[in-house]
Amino acid sequence: RAIGVLIRVPTSIPAVTAAVARAVPTFVMLSELDDGTLNAADNAVFAGIRAQGGLWSLALEPGVQHAEATAKGNAANVDWISAALAARLPATPGAPLVALDETAGWLGDQATHAVAAWASYPGNRTTASWLLSQSVAASWRSLSTPAGG
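Residues numbered from 1 in each chain as written. Predicted model: local features only at pLDDT ≥ 70, side-chain atom pairs only at ≥ 80, totals over all residues. Heavy atoms only, no water.

## Quick look at the side chain of Ser57
With respect to the element layout, Ser57 can be found in strand E3 (residues 56-61). Contact partners of Ser57, with chain neighbours within four places excluded, come to Thr26, Phe27, Val28, Phe46, Trp80, Ser129, Trp130 and Leu131. (Helix = DSSP H or I, 4+ residues; strand = E, 2+ residues; numbered from the N terminus. Contact = heavy atoms within 4.5 Å.)

## Re the sheet that holds E3
Strand order in the open sheet formed by three strands is E1-E2-E3, with parallel pairing between adjacent strands. The open sheet has two edge strands with one neighbour each: strand E1 (5-8) and E3. Direction aside, the axes of adjacent strands within the sheet are offset by 10 degrees on average. As defined by bridge partners, strand E2 (residues 26-31) adjoins E3 across six bridges and the pair is classed as parallel. Counterpart to Thr26 in the pairing with E3 is Trp56. Of the strands in this sheet, E1, E2 and E3 are in contact with helix H3 (residues 71-88), which crosses E1 at around 170 degrees. Relative to E3, helix H4 (residues 134-144) is tilted by about 30 degrees, and along the sheet it contacts E2 and E3. (Pairing = 2+ DSSP bridges. Axes fitted to C-alpha atoms, helices over the stretch in contact; angles between N-to-C directions.)

## A few points about the pairing of E2
The buried fraction of E2 amounts to six of the six residues, a majority that puts the element mostly inside the structure. Sheet topology note: the E1/E2 ladder contains four bridges and is parallel. Opposite Ile7, over in E2, you have Val28 as the bridge partner. Handedness of the crossover joining E2 and E3 through helix H2 (residues 36-51): right-handed. (Buried < 20%, exposed > 50% of the residue type's maximum accessible area, 1.4 Å probe, protein only. Right-handed = clockwise from strand over helix to strand, strands pointing away.)

This is the structure we're talking about:
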């Protein structure tokens, strides 16, 4: 049982293939100034999982070195963890975790950082970050958008 997976500035991320693993909300946070080959590989894994409907989001924090902790990054992590707990924990302790419907989430455009609820998202849903809630969408947008952007 996994409520969610938060992967902050990894050297690699696993290419999960099982549908049950793709259904676990996952947040991958990269640093812009990290090794470009690592970020490219992580982006490719993310793209493959999202193309299969995985409940994954990926954020690239601009202007940040590998493993540099920032207030925006920390805030995004706390917001994501709080939303994952609220969405997935069952009302009855010990009951199965709540399954999430992909269409109930929000989506974030990887290039423009625009966010919208699933139903009103104008772009390609399978290439966008899948976001747990409106609040998570706002913090993802804030984290991903360069200063002044």
